[in-house]
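# Structural description and commentary
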Amino acid sequence: MQHTVMIIEDEEAIALMLRYNLEKEGYNVIVESRGSKALAEVERNHPSVILLDWMLPEISGVEICKLIRSKPDIKTIPIIMLTAKGEEEDKVKGLTAGADDYVTKPFSVPELMARVKTQLRHAPEPSSEKELVFEDIRMDMVEKKVFRGDNYIHLGPTEFRLLKMLIETPGKVFSREYLLKNVWGDNIYVESRTVDVHIRRLRRALNDYGPDYIRTVRATGYSIDVNPQSEE
Ligand code: CA
């Protein structure tokens, strides 16, 4: 599978030039010019590497970088920051915000391509997992949609991540603390009761169309199981 490179850049000429060169290297390329949409697009597309412009309208590249680093499901995606010449201070800020590398404009295309390649060396192969299935529950990981039998199940993003975590390892009991850390992230303060609230929503959404496979393990947490013996 091809790696996807996401370019977050509002200067069209630069975005086009990058797209052209990255596609020539065989990458799948996505361009987003609006800072305000960038985070949602990263979550939706899950690129292998992100080229992130420093100066964006509405929200800065550094802010976007910090936001990406605070989201459990996207925080490990390598980020290369692109910035104007001679701003050493920016470099420090960018790296502090969690960027993996830093390229100064105007940059040399072969050098940037080499840096993209370096970041991809550490990146996992793009997941061929297009679908996660548990009994009659099917998660379409490309479209980010959930079905139970033939029925489309509308889930919020948190419920989607919760279900993904449970379905990836059926039978495993996940503690509330683990779920908080891995579904909500380190940087967000939420009480462990929040997990219960979202599990309840997830159950309500799924159970219209079949038995309750989510198991509550008292004082511990939750799992997904074919023989749910809910202790609640
Ligand atoms: Ca810019």
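A few points on the structure. Model, not experiment: these values are computed from the prediction. (Residues numbered from 1 in each chain as written. Predicted model: local features only at pLDDT ≥ 70, side-chain atom pairs only at ≥ 80, totals over all residues. Heavy atoms only, no water.)

Quick look at the nonpolar core now. The biggest cluster of nonpolar side chains holds 28 residues, and the ones touching the most others in it are V146 and L163. Contributing elements (two or more residues each) for this core: β6 (131-134), β7 (137-140), α6 (157-168), α7 (176-184), α8 (193-206) and β12 (221-224). Sequence-distant contacts of L163, defined by excluding residues within four places in its chain, comprise I137, M139, V146, L155, L202, L206 and I224. Listed in part, the 21 residues of the second largest apolar core include W54, I77, I79 and Y102. (Core = buried A, V, L, I, M, F, W, Y, C linked by side-chain atoms within 4.5 Å. Buried < 20%, exposed > 50% of the residue type's maximum accessible area, 1.4 Å probe, protein only. Helix = DSSP H or I, 4+ residues; strand = E, 2+ residues; numbered from the N terminus. Contact = heavy atoms within 4.5 Å.)

Glancing now at the sheet that holds β6. Pairing in this open sheet of four strands is antiparallel, and the strands run β6-β7-β8-β9 from one edge to the other. Strands at the two margins of the open sheet, each flanked by one partner only, are β6 and β9 (151-153). Here the average twist between neighbouring strands, direction ignored, is 25°. Its contacts with the sheet put α6 on β6, β7 and β8 (145-148), and the angle it makes with β7 is roughly 115°. (Pairing = 2+ DSSP bridges. Axes fitted to C-alpha atoms, helices over the stretch in contact; angles between N-to-C directions.)

Take the coordination of the calcium ion next. In the first shell of the calcium ion, the protein supplies D10 (OD), E11 (OE), D53 (OD) and M55 (O), at 2.1 to 2.9 Å from the metal. The class for D53 is buried, based on a relative accessible area of 1%. (Donors = N, O, S within 2.8 Å, 3.2 Å for Na, K, Ca; no water.)

Moving on to the sheet that holds strand β4 (residues 79-83). In space, the five strands of this open sheet follow the order β2-β1-β3-β4-β5, with parallel pairing throughout. Looking at which strands have only one partner, the edges of the open sheet turn out to be β2 (28-32) and β5 (101-104). On average, each strand axis in the sheet is inclined to that of its neighbour by 20°, with strand direction left out of account.

Once that is clear, we can look at the pattern of salt bridges. Opposite charge on two side chains lets them pair, provided their charged atoms get close. Scanning the entire structure with this criterion turns up 20 salt bridges. Put simply, E25 and K117 hold a salt bridge, and the shortest N to O gap is 3.6 Å. Residue E25 is found in the loop between α1 (12-24) and β2, and its partner K117 is found in helix α5 (residues 109-122); the two are separated by 92 residues along the sequence. In this structure, the salt-bridge partner of R44 is E41, at a minimum N-O distance of 3.4 Å. One end of the pair is R44 and the other is E41, both in helix α2 (residues 35-45) and three residues apart, which spans about a single turn. On the basis of relative accessibility, which here comes to 18%, the residue E41 falls in the buried class. One continuous salt-bridge network, built from bridges that share partners, spans E9, E11, D53 and K105. (Salt bridge = Lys/Arg side-chain N within 4 Å of Asp/Glu carboxyl O.)

Here we take up the packing of α7 against α8. Contact pair α7 / α8: the axes reach a minimum separation of 9 Å and the direction vectors enclose 75°. Considering their axes alone, α7 and α8 lie roughly perpendicular with respect to each other. Seen from α7, the contacting residues are R176, L179, L180 and W184; seen from α8, they are T194, V195, D196 and H198. Of the residues that constitute the contact of α7 with α8, the class distribution is four nonpolar, two polar and two charged. (Parallel < 35°, antiparallel > 145°, perpendicular 65-115°, else oblique. Nonpolar A, V, L, I, M, F, W, Y, C, P; charged D, E, K, R; others polar.)

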